[in-house]
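# Observations on the model geometry
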Amino acid sequence: MKIVALAGGVGGAKMAHGLAEHLSSKELTIIVNTGDDFEHLGLSISPDLDTVCYTLAGLANFETGWGRANETWNTISNLEKLGGPNWFRLGDQDIATHLERTRRLKEGQPLSRITKDFCKAWGIHHMILPMSDTPVRTMVNTDEGELAFQEYFVHRRCEPKVKGFRFDGIDSARPVVGAIDAIDKADAVVICPSNPWVSIDPILKVIKKISKPVIAISPIIGGKTVKGPAAKMYEELGIEPSALAVAEHYRHLLTGYVLDQVDSELQESVNRLHIKPFVTDTLMNHLTDRARLANDVLHFIGSL
Ligand code: FO1
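Because the structure is predicted, anything quoted here is derived from the model rather than measured.

## Some words on the sheet that holds strand β1 (residues 3-7)
On the basis of which strands lie adjacent, the open sheet formed by seven strands has the order β5-β2-β1-β9-β10-β13-β14 and parallel pairing. Two strands bound the open sheet, and with one partner strand each, they are β5 (127-130) and β14 (276-280). Strand after strand, the sheet turns through a mean of 20° between neighbouring axes, direction not considered. Where strand β13 (residues 254-260) meets β14, five bridges bridge the pair, whose relative direction is parallel. Directly across from Gly256, in β14, lies its bridge partner Lys276. Set on the sheet, helix α12 (residues 287-303) makes contact with β1, β9 (188-191), β10 (214-217), β13 and β14; between it and β14 the angle comes to about 155°.

Now the structure itself:
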């Protein structure tokens, strides 16, 4: 079965990892959000791309989900002593990734080429594509004005109230080479349990049209997000956070929708949106949960 997964952040990376356990490099392509990318301390940082790559390579920090396992923090603590900005925690091993990416981007190399080479160096066999080689920057409209995504998310700890989103550069951003071809050849597109507003919407806006069955996994379980501010964003935008709200968010795209057991009573409402529901345990607390959930999702897709 050929699958294209759309992913951003920690939940997306875990799901992509689970799918990679079942599908070969010819069967799975992962398209990753780059709206979170930013320049910090002179470095070009691609948090979602790195989270997906580190996770698939088995190099990710298991506690945070982002950054590297067995990390040291000498650079940031010395930077702190000099009075430099310390709000974005960059580990020593992680900094090497950003240094090399920045050097190559400055030479004019595309992000997709750099990512491909990094994946090879990290022993990743699956295709991981940034959604675009053109920069797109997610901007969060808040009650304190418009904030760049990492400023809102990490520096301000998602505290300002969200009023909307803008994706700077989206109109001129083209899908990365290989993305449309992978979708054309796929049996289905899987929307990973990532934040719909800031992780998946930028990818969907770049890709524009998907003429394949699309299946999403809810990032909201029992009205709460497993990680991150998705539920808080729904509330602040005046929408009750629930797995159903996410299905409604994607309603024009979806063929199937995967809900957690605790939300099984929402199946009928999902059916009424002409989307086929599937209920399973969607929590991915342990490594084995990722492959188990991916297996369930792939069987569900096979049944559609
Ligand atoms: N998230 C945080 O909450 N605090 C951090 O200091 C932080 C540092 C960081 C460094 C590298 C990286 O790739 C990701 C990092 N993240 C951090 C996570 C990241 O900014 C967000 O999780 C994503 O952008 C949201 O998907």
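## Some details on the domain arrangement of the chain
Split into domains, the chain comes out as domain 1 (3-66 + 94-136 + 171-303) and domain 2 (137-168). Of note, the centres of domain 1 and domain 2, computed from C-alpha atoms alone, are 20 Å apart. The partner domain 2 presents 16 residues to the 19 residues of domain 1 that form the contact. A buried area of about 1500 Å², summed over both sides, lies between domain 1 and domain 2, and 64% of it is on carbon and sulfur atoms. When the buried area of domain 1 at its contact with domain 2 is split by residue, Val136, Val198 and Glu236 rank highest and sum to 28% of it. Counting the contacts that link domain 1 with domain 2 gives six residue pairs in polar contact (both at pLDDT 80 or more). Take the side of domain 1 that touches domain 2: its biggest share by element is five residues, from helix α8 (residues 196-207). The residue makeup of the side of domain 1 that touches domain 2, split by class, is 10 nonpolar, two polar and seven charged.

## Considering the layout of surface pockets
Considering only enclosed or pocket space, the largest pocket measures out at about 830 Å³ in volume. Every residue lining the largest pocket is counted, 42 residues in all, and those nearest its centre are Gly9, Val10, Trp66, Phe153 and Lys227. Going through the elements one at a time, α1 (9-22), α2 (47-57), α4 (92-106), α6 (149-155) and α8 are the ones with two or more residues in the lining of the largest pocket. Tallied by class, the residues present in the lining of the largest pocket amount to 19 nonpolar, 16 polar and seven charged. Size it by volume and the second largest pocket reaches roughly 450 Å³. Lining the second largest pocket are 25 residues, and of these Ser25, Leu28, Thr29, His126 and Met127 lie nearest its centre. Elements that contribute at least two residues to the lining of the second largest pocket include exactly β1, β2 (28-32), α5 (111-121), β5 and α7 (179-185). With five residues, the single largest contributor to the lining of the second largest pocket is α5. Taken together, the residues of the lining of the second largest pocket break down into 11 nonpolar, five polar and nine charged.

Conventions and cut-offs
- In this numbering scheme, every chain counts its residues from 1 along its sequence in written order.
- Side-chain atom pairs in this predicted model are given and counted only at pLDDT of 80 or more, local residue features only at pLDDT of at least 70, and totals for whole chains, interfaces and linings cover all residues.
- Excluded from the side-chain calculations are hydrogens and water; all other atoms, namely the structure's heavy atoms, are used.
- Any two strands are treated as partners once DSSP identifies two or more bridges connecting them.
- Numbering goes from the N terminus for both helices and strands, where a helix is a DSSP run of H or I of at least four residues and a strand is a run of E of at least two.
- Working convention: axes come from line fits to C-alpha atoms, limited for helices to the stretch in contact. Angles between N-to-C directions cover 0 to 180 degrees.
- Between two residues, a contact is recorded if the distance between any of their heavy atoms is within 4.5 Å.
- Throughout, the edges of the domains are those of an automatic or database domain assignment.
- When two components associate, each loses some accessible surface as probed by a 1.4 Å sphere; the sum of these losses over both components is called the buried area.
- We call two N or O atoms a polar contact when they sit within 3.5 Å, provided that within protein one can donate a hydrogen and the other can accept it, with sequence-adjacent residues counted only if both atoms are side-chain atoms.
- Throughout this entry, Asp, Glu, Lys and Arg are counted as charged residues, while Ala, Val, Leu, Ile, Met, Phe, Trp, Tyr, Cys and Pro are counted as nonpolar. The remaining residues, Gly among them, count as polar.
- Here a cavity denotes grid points, spaced 1 Å and computed from the protein atoms alone, that fit a 1.4 Å probe unable to get out, and a pocket denotes an open set having protein on both sides within 12 Å along at least 5 of 7 lines; residues with an atom within 4 Å of a point are the lining.
- Grid points are joined across faces, edges and corners, and a volume is the space filled by probe spheres set on the points.

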